[in-house]
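# Observations on the model geometry
Residue-level listing of the chains:
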Amino acid sequence: MYKFAFSPEVALSPSCDDIRVAVVSYLLGRHLDGALMLRLSGALSLEVIEDEFLETLRWLGIEFDSIVREVERLYYYREVAISLVGIGKAYRCFCVDEGFKVLPRCASGCGLLPSYESERRAEGGEPFAIRLRVGEGSVMLRDVLLGDVVVNNDTVGDFIILYPDGSPSFGFASSVDDMEFAVTHVVRESSQVEWAMEEYLVACALDRVPPVFCHLPPVEYKKGEAFVDSVLSGNIVPEALFDYVARQVFSLEIGKALSKETLIKYASFEGIKVKGGMFDMYELERLNREHLKVMSESRFLELVESHCGCSLTQREKTVIYEQRETLSGMDDACKRIRRMRDSLEGI
Ligand SMILES: [Zn+2]
């Protein structure tokens with residue numbers, strides 16, 4: 001059974017990169033008849049951010065089979081981190097300042113402290129972080145797209161898995177959850193390859209097999225295009241954005257609008273493009289018009305009514321549906337309906 005995990009890292013409204021990773025995870029997961037898990041890291045579990053995130057994903061038509069919230073599992077990450085200390089694969093680092101801040105690297109050789117000394121200091125109330133004992137050498141990451149990536153252990157060093165306030169690092173919590181929930185594949189941005197390195201090392205420390213990683217090539221954005229809110233600008237329909245971000249990743253036929261079902265059929269690891277390219281707003285708008293042309297009447301009217309925030313009369317429905325091939329998008333549809341109503345009032 002395949003299981004894909006979508007685990008966004010940042011605590012802002014969804015970026016176009018987040019959406020792309022979510023769409024690709026969804027398409028590959030459904031293509032392979034697998035499941036899709038959403039993992040919400042600490043900051044994303046805040047209600048308002050979670051709502052915004054989920055609403056955007058739902059609007060796009062991405063459903064998850066399960067949702068794991070880091071904030072509900074803090075006890076478990078602590079337990080695993082402490083168990084790694086117990087078997088000598090991690091250690092307490094007391095290099096913590098008064099503000100509970102930790103240094104990037106241990107500065108006092110805490111990894112060499114005898115365990116009774118480390119325990120005595122912890123029991124005495126001294127704040128500490130827990131670091132994974134990485135050691136020397138290198139690890140080889142298996143990535144579907146990048147191939148075998150060899151990374152020197154020294155580039156990450158003995159990284160923190162648990163902070164002094166008891167919260168886990170993103171890489172540690174992701175890795176623990178991936179293993180706990182039998183995740184087989186993780187799709188990410190290529191800029192996040194360092195997380196995979198940490199996750200791989202955590203899996204090795206726990207004698208478990210890490211998931212297969214797939215780091216997507218980067219996409220470049222012009223100013224103001226990196227976040228979903230700014231790209232949508234009221235005109236784009238979800239089908240078009242979904243189709244567009246899928247085409248950024250998979251080699252697909254250019255031209256006509258492709259439905260979610262068709263995209264699921266054609267999604268495959270082999271079909272992923274090697275280069276990411278530029279985000280192209282004109283192409284997104286072109287696809288938007290293509291989707292408006294082929295959309296069913298009921299779906300089209302549902303989107304228009306929801307976008308305009310009102311019910312349409314039968315005449316308005318007929319007229320706006322007839323005009324759909326000349327519309328630039330939803331804002332345009334609402335403007336025309338307003339104009340129709342104004343001209344009726346003027347009679
Ligand atoms: Zn230290």
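Definitions and cut-offs
- Residues numbered from 1 in each chain as written.
- Predicted model: local features only at pLDDT ≥ 70, side-chain atom pairs only at ≥ 80, totals over all residues.
- Helix = DSSP H or I, 4+ residues; strand = E, 2+ residues; numbered from the N terminus.
- Expected span 1.5 Å × (residues − 1).
- Buried ≥ 20, exposed ≤ 12 C-beta atoms within 10 Å, placed from the backbone.
- Arc of directions from axis to C-beta.
- Contact = placed C-beta atoms within 7 Å.
- Axes fitted to C-alpha atoms, helices over the stretch in contact; angles between N-to-C directions.
- Parallel < 35°, antiparallel > 145°, perpendicular 65-115°, else oblique.
- Left-handed = near helix turned anticlockwise from the far one by under 90°.
- Nonpolar A, V, L, I, M, F, W, Y, C, P; charged D, E, K, R; others polar.
- pLDDT = per-residue confidence, 0-100.
- Pairing = 2+ DSSP bridges.

## Structural notes on helix 13 (residues 330-345)
Its 16 residues give helix 13 an end-to-end C-alpha distance of 23 Å, which sits within 8% of 22 Å, the value for a rise of 1.5 Å per residue. If you check which residues of helix 13 are buried, you get Met330, Ala333 and Ile337. Each buried residue of helix 13 lies within a common arc of 55 degrees when the element is viewed along its axis, so the set occupies one face. For helix 13, the exposed residues set more than 90 degrees away from the buried face come down to Arg338, Arg339, Asp342 and Ser343. Where helix 13 is buried, its residues meet helix 11 (297-308) and helix 12 (314-322).

## Focus on the packing of helix 8 (residues 238-249) against helix 10 (residues 281-294)
The geometry of helix 8 relative to helix 10 is characterised by a closest axis approach of 8 Å and an angle of 130 degrees between their N-to-C directions. The angle between the axes of helix 8 and helix 10 places the two elements in the oblique class. Of the two elements, helix 8 crosses helix 10, and the hand of that crossing is right-handed. On helix 10, the residues touching Glu239, Ala240, Leu241, Asp243 and Tyr244 of helix 8 are Glu283, Leu284, Leu287, Asn288 and His291. Of the residues assigned to the contact of helix 8 with helix 10, the class counts are 5 nonpolar, 2 polar and 3 charged.

## Concerning the confidence of the model for the protein chain
On average, residues of the protein chain carry a pLDDT of 89, and 94% of them reach 70 or more. The spread of mean pLDDT over the elements of the protein chain runs between helix 7 (residues 228-232), the lowest at 65, and strand 4 (residues 90-93), the highest at 97.

## Points about the pairing of strand 1 (residues 3-6)
Residue alternation in strand 1 divides its side chains into two sets, Lys3 and Ala5 and Phe4 and Phe6, and both sets are buried. Across 4 bridges, strand 1 lies against strand 2 (residues 35-40) in parallel orientation. Bridging across to strand 2, Ala5 finds its partner in Met37. Pairing analysis gives 2 bridges linking strand 1 to strand 9 (residues 185-189), with the strands arranged parallel.

## Re helix 5 (residues 170-180)
In terms of residue burial, helix 5 counts as a mostly covered element, since 8 of its 11 residues are buried. Turning to helix 5, its buried residues are Gly171, Phe172, Ala173, Ser174, Ser175, Val176, Asp177 and Asp178. Phi turns positive one or two residues past the end of helix 5, at Ala182, with a value near 55 degrees.

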